[in-house]
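Coordinate inspection notes
What follows is each chain in one-letter form.
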Amino acid sequence: MFAKGDFVFYASGGICRVEDIQRAPLPGMPEDRTYYILRSLHDANGISYLPTDCTTVFLRPILTAEEAERFLNEASGVETIEAPDAKILRSNYQEAMRKYQPGEWFRVIKTVRERAARIGENSKPIKLSETERTFGEEAKKFLYTELSLALRLTEAQIEECLFESGNQKAE
């Protein structure tokens, strides 16, 4: 069970803060159930009410500082997502995002970043689709927010740790 003030990842709301835990916080809700009141960090109006005993929705704590440090130290070993065509690549992005895990989000970010860097090279030109850019931005939003909360760093500092400090040189 989470406590008031905890940060969590909620599949329907992204990174959220547990604002409160109450019995039936709104009229019409079953009075015998207790709910997490979750406030999205990515949507100022985003408030979700989730029963504390709900097992059908993905909800997990964000990384601890130690886990986040370990993630940063191991980031250079994260593989990109490979696919023979755009349709399979999109499917692979969707699958990675639905795992709701920082390593998978970083795979998406790294893949989009590397594919964007290849645009303009003499080899086979690659054009990023709007969908691909959207996957990359959503993955960044989730990963950078989670790491910045765990490590008390800005999102810009997180990006620097991931890509500019020798872990993942941008090409």
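Everything discussed here concerns the structure shown above.
Residues numbered from 1 in each chain as written. Predicted model: local features only at pLDDT ≥ 70, side-chain atom pairs only at ≥ 80, totals over all residues. Heavy atoms only, no water.

Let us look at helix 1 (residues 65-74). The complete set of buried residues in helix 1 reads A68, F71 and L72. An end-on view of helix 1 places all buried positions within 95° of arc, on one side of the element. Residues of helix 1 that are exposed and point over 90 degrees away from its buried face: E66, N73 and E74. For helix 1, the elements touching its buried residues are helix 3 (102-118), helix 4 (130-151) and helix 5 (155-163). (Buried < 20%, exposed > 50% of the residue type's maximum accessible area, 1.4 Å probe, protein only. Helix = DSSP H or I, 4+ residues; strand = E, 2+ residues; numbered from the N terminus. Arc of directions from axis to C-beta. Contact = heavy atoms within 4.5 Å.)

Read across the sheet, five strands follow the order 4-3-2-1-5 without closing on themselves; strand pairing throughout is antiparallel. The open sheet has two edge strands, strand 4 (47-51) and strand 5 (59-61), and neither has a second partner. The mean inter-strand angle of the sheet, taken between neighbouring strand axes irrespective of direction, is 40°. Those strands touched by helix 4 are strand 1 (7-10), strand 2 (14-23) and strand 5, and its axis lies near 65° from that of strand 2. (Pairing = 2+ DSSP bridges. Axes fitted to C-alpha atoms, helices over the stretch in contact; angles between N-to-C directions.)

Before going further, it helps to spend a moment on unusual backbone geometry. One non-glycine residue with positive phi stands out, namely A24, at about 35°. For A24, the location among the structural elements is in the loop between strand 2 and strand 3 (34-40).

Moving on to the side chain of E132. Within the fold, E132 resides in helix 4. If we skip the residues at most four places from it in the chain, E132 touches L89, Y93, V112 and R115.

The subject of this paragraph is the pairing of strand 2. In terms of strand pairing, strand 1 meets strand 2 through four bridges, oriented antiparallel. Residue pairing for strand 2: F7 is matched across the bridge by R17. Counted along the chain from strand 1 to the antiparallel partner strand 2, the turn is three residues long.

Let us look at the pattern of salt bridges. Two side chains with opposite charge may pair up if their charged atoms get near one another. Evaluated as defined, the whole model comprises nine salt bridges. Ionic contacts of the salt-bridge type, sharing partners, join the residues R113, K140 and E159 into one network. (Salt bridge = Lys/Arg side-chain N within 4 Å of Asp/Glu carboxyl O.)

Let us look at helix 3. Relative to the 24 Å expected for 17 residues at 1.5 Å per residue, helix 3 spans 24 Å between its end C-alpha atoms, a close match to the ideal helical length. Looking only at helix 3, the buried set comprises P102, E104, W105, F106, V108, I109, K110, T111, V112 and R115. (Expected span 1.5 Å × (residues − 1).)

Relative to the helices and strands, T131 is located in helix 4. Overall, the relative accessible area of 34% leaves T131 in the partly exposed class. Between the C-alpha atom of T131 and that of Y93, which follows or precedes it by 38 residues, the distance is 9.9 Å.

Right, let's talk about the layout of surface pockets for a bit. By volume, the second largest pocket is sized at about 200 Å³. Lining of the second largest pocket is provided by 14 residues; of these, A11, M97, Y100, E138 and F142 occupy positions nearest its centre. Looking at the lining of the second largest pocket, the elements that each hand over two or more residues are helix 2 (86-98) and helix 4. Counting residues per element, the lining of the second largest pocket draws most heavily on helix 4, at five residues. (1 Å grid on protein atoms, 1.4 Å probe; cavity = no way out; pocket = protein on both sides within 12 Å on 5 of 7 lines; lining within 4 Å. Points joined across faces, edges and corners; volume = space filled by probe spheres on them.)

The subject of this paragraph is the packing of helix 3 against helix 5. For any two helices packed against each other, the geometry comes down to the angle between their axes and how far apart the axes lie. Close contact between helix 3 and helix 5 brings their axes to 13 Å; oriented N to C, the two are set at 75°. By the angle between their directions, the pair helix 3 and helix 5 is classed as roughly perpendicular. When helix 3 is examined against helix 5, the residues F106, I109 and R113 are found in contact with a partner set consisting of E159, L162 and F163. A per-class count over the contact of helix 3 with helix 5 returns four nonpolar, no polar and two charged. (Parallel < 35°, antiparallel > 145°, perpendicular 65-115°, else oblique. Nonpolar A, V, L, I, M, F, W, Y, C, P; charged D, E, K, R; others polar.)

Purely geometric stuff here, so don't read any function into it on its own.
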